[in-house]
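Residue-level structural notes
As a plain string of letters, each chain reads:
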Amino acid sequence: MKKIVPIILLAIMALSCNSHEPSKVSDNNIKAVFKANPATFTAEGGKGKIEGALMELDKEGKVVKESAIPDKEFTISLKSGSEDQLTINNESKEFTIKAGEDEASFVIEAKTTTKPYYTQEITLVRKKTDTPVKKNPLLYVAEYNIDPTGLAFVTSCAPDVSGFFTFDEAVEKFKEITIDNVKYHLPTFEEWLAIVPWSRRQSPDYVDFDETGDFPNMEEDVVIAGEKVTSLNDYKALGDNVSCALRFKGTEWLSAWKYEYTQFDNYPVMTITSRLLGENDKSLTIDQICEPAFWENNKEKDVVRHFPASGFGLDLPTRSDAPFAFFWSATSPNDPNFAFGMYFDASCAGMYTGHRISGRSVRLFRSSK
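Conventions adopted
In every chain, residue numbers begin from 1 and rise along the written sequence. Predicted model: local features are reported for residues with pLDDT of at least 70 only, side-chain atom pairs are reported and counted for 80 or more only, and whole-chain, interface and lining totals are derived from all residues. The side-chain figures draw on all heavy atoms in the structure; neither hydrogens nor water molecules are used. Counting from the N terminus, the helices are DSSP H or I runs at least four residues long and the strands are E runs at least two residues long. If DSSP finds at least two bridges between two strands, the strands pair. Here's how the labels work: a residue is buried when its accessible area is under 20% of the maximum for its type, exposed when over 50%, partly exposed in between, all with a 1.4 Å probe on protein chains only. Pairs of residues are marked as contacts when any of their non-hydrogen atoms sit within 4.5 Å. Here, a salt bridge means any Lys or Arg side-chain nitrogen found within 4 Å of an Asp or Glu carboxyl oxygen.

**Regarding the environment of A309**
Relative to the assigned elements, A309 resides in the loop between β18 (302–308) and β19 (325–328). Between the alpha carbons of A309 and Y343 there is a distance of 9.7 Å; along the sequence they are 34 residues apart.

And the structure:
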């Protein structure tokens, strides 16, 4: 009987040699490389993106082929650096570094989610500047109210957790105070005016939630971070719980503002959103700022503060459950009975006067120096 096994093996080998299937590259001959574009920023901060590439190497280690890694095939996370200064969008692989006068460094870790599994750290740097960086006025406002002890902040916008203080108590307790190593103070009337305007005390108001109205070129004198600022300001009440403003025209503080009577974490609040505008935004009009599309884009530039409807009490510690609030300023109109404060309810918001002996909420401002 003839031996046919070797012949069959030869045929199989021949078929294998004639196959057109591409040869597989070992994981050892592929590496992933990530980079930040850009990786260095001025004190103004800015937006960047993490990009990845797969490199196919030959036996000598030279790159013979390069292809981009899709965004969905790797993740990025902040490994070191302040979370308050850098935010990450893992879907788009973009990051935003906030403006700051001090030098800061961050390390982002990029990881592939498919083979070859690879991890790389990317360092980002924001340079120091000797020129003070203009900050959004709303950044100086603390994120939460003061608690009943007067020594710490509350941690929610619930209407029944904030502390109540008379005007004299607030002025005495909060002239200067340090919380979590940050210096704060009770804002003056002029500092509050940089956040909300003086009320017209009639409908519609500059910031009105249930009526419509236009108020162009309103002259205002305010204080921002210790600096006196005089400017013209446009206000437009849209009704339906929203008002917008184009504030501090002709100054370095030019900014867009949105005021909403709304809900946050299922609690009634007034939400203020502010966006500092640049050189390319000087032609913007109040009508453009009032368009929803304006606020739907470039959200990373926004500063947001929520003010709870914490009510107030005429006789401490009585609390009103009505959906409104009053926040003391440090300023009195030389009247033994009244002092200035920021007030809002479902109809409007602005600076008003209130009885000095009644219990009101306190929202502190960061001290600029």
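Once you've had a look at it, read on.
**Side note on the pairing of strand β7 (residues 94–97)**
Looking at chain direction, strand β3 (residues 46–57) and β7 are connected through 4 bridges and run antiparallel. Within β7, the position partnered with G48 by the bridge is F95. Two elements, strand β6 (residues 86–89) and β7, share 4 bridges in a ladder whose sense is antiparallel. Counted as the bridge partner of T87 is T96 from β7. Taking the residues between adjacent antiparallel strands as the criterion, β6 and β7 are bridged by 4 residues, where K93 takes a positive phi near 65 degrees.

**Description of the side chain of R356**
Mapped onto the fold, R356 is located in the loop between β21 (348–355) and β22 (365–366). Of the residues examined, R356 reaches a relative accessible area of 17% and is grouped as buried. Excluding residues within four positions of it along the chain, R356 makes contact with T166, F167, D168, W328, S332, D335, P336, N337, F338 and A339.

**Let's talk about the side chain of E109**
Within the secondary structure layout, E109 lies in strand β8 (residues 104–112). Residue E109 is classed as buried on the basis of its relative accessible area of 16%. Setting aside chain neighbours within four positions, we find E109 in contact with T75, I76, S77, K79, T119, Q120 and E121.

**So, the pattern of salt bridges**
The full count for this structure, using the stated rule, is 12 salt bridges. Of the charged contacts, one joins K258 and E260 as a salt bridge, the two residues approaching to 4.0 Å between their closest N and O atoms. Accessibility expressed as a relative area gives 17% for K258, which makes it buried. Close ionic contact of K282 with E279 constitutes a salt bridge, the shortest N to O distance being 3.2 Å. A single burial state applies to K282 and to E279, both of which are exposed. Each member of the salt-bridge network shares a partner with another, and the members are K79, E109, K111 and E121.

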